[in-house]
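Structural overview
Take a look at the letters that make up each chain.
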Number of protein chains: 2
Amino acid sequence: MKSRKIFNRIAVLRIERKMSRQELAEKIGVNFQTIGYLEREEYNPSLDLAFRISEVFKLPIPFIFSTKPLKALSDELLNKKTNN
Amino acid sequence: MKSRKIFNRIAVLRIERKMSRQELAEKIGVNFQTIGYLEREEYNPSLDLAFRISEVFKLPIPFIFSTKPLKALSDELLNKKTNN
DNA sequence: GCTTATTATTGTATATATGCAACATTTGGT
DNA sequence: ACCAAATGTTGCATATATACAATAATAAGC
């Protein structure tokens, strides 16, 4: 099926929460190198893994993952509220 | 990582929209037998495939897929609005 | 009941995600 | 500049998703 590349915000979210890949990996139950692959978008997570990440961050899947490149959170925020 | 089983509403949604597996498969770009495997929950879709299904049905991923068994749509509906 | 479309089953092949180890590179703190 | 922690890279092994074909079983229309 030639799978499309899926973009994600894992790195930003992890850093915002001050976690190392090691820690995140433990919470999720994968090898810490797997987090690396995901953050670099070298491959897509399985749906189950996506759900686990969504659970750890307590954020919906479509907020973390997207088929189109994700805008920086900082930008999104400032564009949403015109009152800056 | 011993992947958890993911439940889904593909069959119901497909039938509501009066599509055969063949048709759905074409819209999504997979083999029609793959739809069968997914509906029977014999394996989980990739994240990309989940996104495609979400796009075809125009419904968010968490509505279609869940780590916990999904209640029947009919039940959900009637429980939500106590005014029946 | 017959015919046809739809779905299930079995088996095999390929692509991709994940694990794991060993070493290189980068980054942060002092 | 040094040391330690974090991340990147390469390579190989395994599990799982997807494709495809051929046949069986089931359902739907007439």
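The notes below deal with the structure included here. (Residues numbered from 1 in each chain as written. Chains lettered and ligands numbered in written order. Predicted model: local features only at pLDDT ≥ 70, side-chain atom pairs only at ≥ 80, totals over all residues. Heavy atoms only, no water.)

**A look at the overall build of chain A**
The criterion, for reference: Runs of H or I in DSSP of at least four residues are treated as helices and runs of E of at least two as strands, each being numbered from the N terminus. Burial classes follow relative accessibility: with a 1.4 Å probe on protein chains only, a residue under 20% of its type's maximum area counts as buried, one over 50% as exposed, and anything between as partly exposed. For this analysis, residues touch if any pair of their heavy atoms sits within 4.5 Å. Note on areas: these come from Shrake-Rupley sampling with a 1.4 Å probe, and a residue is covered only by the protein chains present in the view. A positive count includes Lys and Arg, and a negative count includes Asp and Glu. His and the chain ends are not counted in either. To locate a charge, the coordinates of NZ of Lys, CZ of Arg, CG of Asp or CD of Glu are taken.
What chain A contains, in helices and strands, is six helices and two strands. The order of helices and strands in chain A, counted from the N terminus, is β-α-α-α-α-α-β-α. Its C-alpha atoms give chain A principal-axis dimensions of roughly 45 × 35 × 20 Å. Across the 84 residues in chain A, those meeting the buried criterion constitute 39%. Restricting to contacts in chain A with at least 6 residues of sequence separation, those with at least 24 account for 59%. Element-wise, carbon and sulfur atoms account for 53% of the exposed surface of chain A, whose accessible area totals about 5,200 Å². One finds the centroid of the 16 positive side-chain charges in chain A at a distance of 5 Å from the centroid of its 10 negative side-chain charges.

**Description of the interface of chain A and chain B**
Put simply, the rule reads: When two components associate, each loses some accessible surface as probed by a 1.4 Å sphere; the sum of these losses over both components is called the buried area. Whenever Lys or Arg places a side-chain nitrogen within 4 Å of a carboxyl oxygen from Asp or Glu, that contact is recorded as a salt bridge. Put simply, Ala, Val, Leu, Ile, Met, Phe, Trp, Tyr, Cys and Pro go in the nonpolar bin, Asp, Glu, Lys and Arg in the charged bin, and everything else, Gly too, in the polar bin.
Listed as interface residues are 22 residues of chain A and, on the opposing side, 22 residues of chain B. For the pair chain A and chain B, the summed buried surface comes to about 1,700 Å²; carbon and sulfur atoms form 65% of the total. Area buried by chain A at its contact with chain B is led by M1(A), R4(A) and L47(A), which between them contribute 36% of it. Run the count over chain A and chain B and you get four salt bridges. Put simply, R4(B) and D48(A) hold a salt bridge, and the shortest N to O gap is 2.7 Å. The residue inventory of the side of chain A that touches chain B, partitioned by class, reads 11 nonpolar, six polar and five charged.

**Regarding the protein's contact with DNA strand D**
Going by this rule: When at least one non-hydrogen atom of a residue lies within 4 Å of a molecule or strand, that residue is treated as near it. Pairs of N or O atoms are called polar contacts if they sit within 3.5 Å, as long as, within protein, a hydrogen donor faces a hydrogen acceptor (for residues adjacent in sequence, only side-chain-to-side-chain pairs).
As a structural note, the neighbourhood of DNA strand D is formed by 17 residues, with R21(A), Q33(B), T34(B), Y43(B) and S46(B) the closest of them. A breakdown of the atoms of DNA strand D within 4 Å of the protein gives sugar and phosphate a share of 62%. Within the side chain of Y37(A), one N or O atom sits 3.4 Å away from a base oxygen of DNA strand D. The contact in question runs from a phosphate oxygen of DNA strand D to an N or O atom on the backbone of N31(B), over 2.9 Å. For the surface near DNA strand D, the elements supplying multiple residues, two or more each, are α3 (32-39) of chain A together with α3 (32-39) of chain B. Here the element with the most residues in the surface near DNA strand D is α3(A); it accounts for three residues. Within the surface near DNA strand D, the residues separate by chemical class into seven nonpolar, seven polar and three charged.

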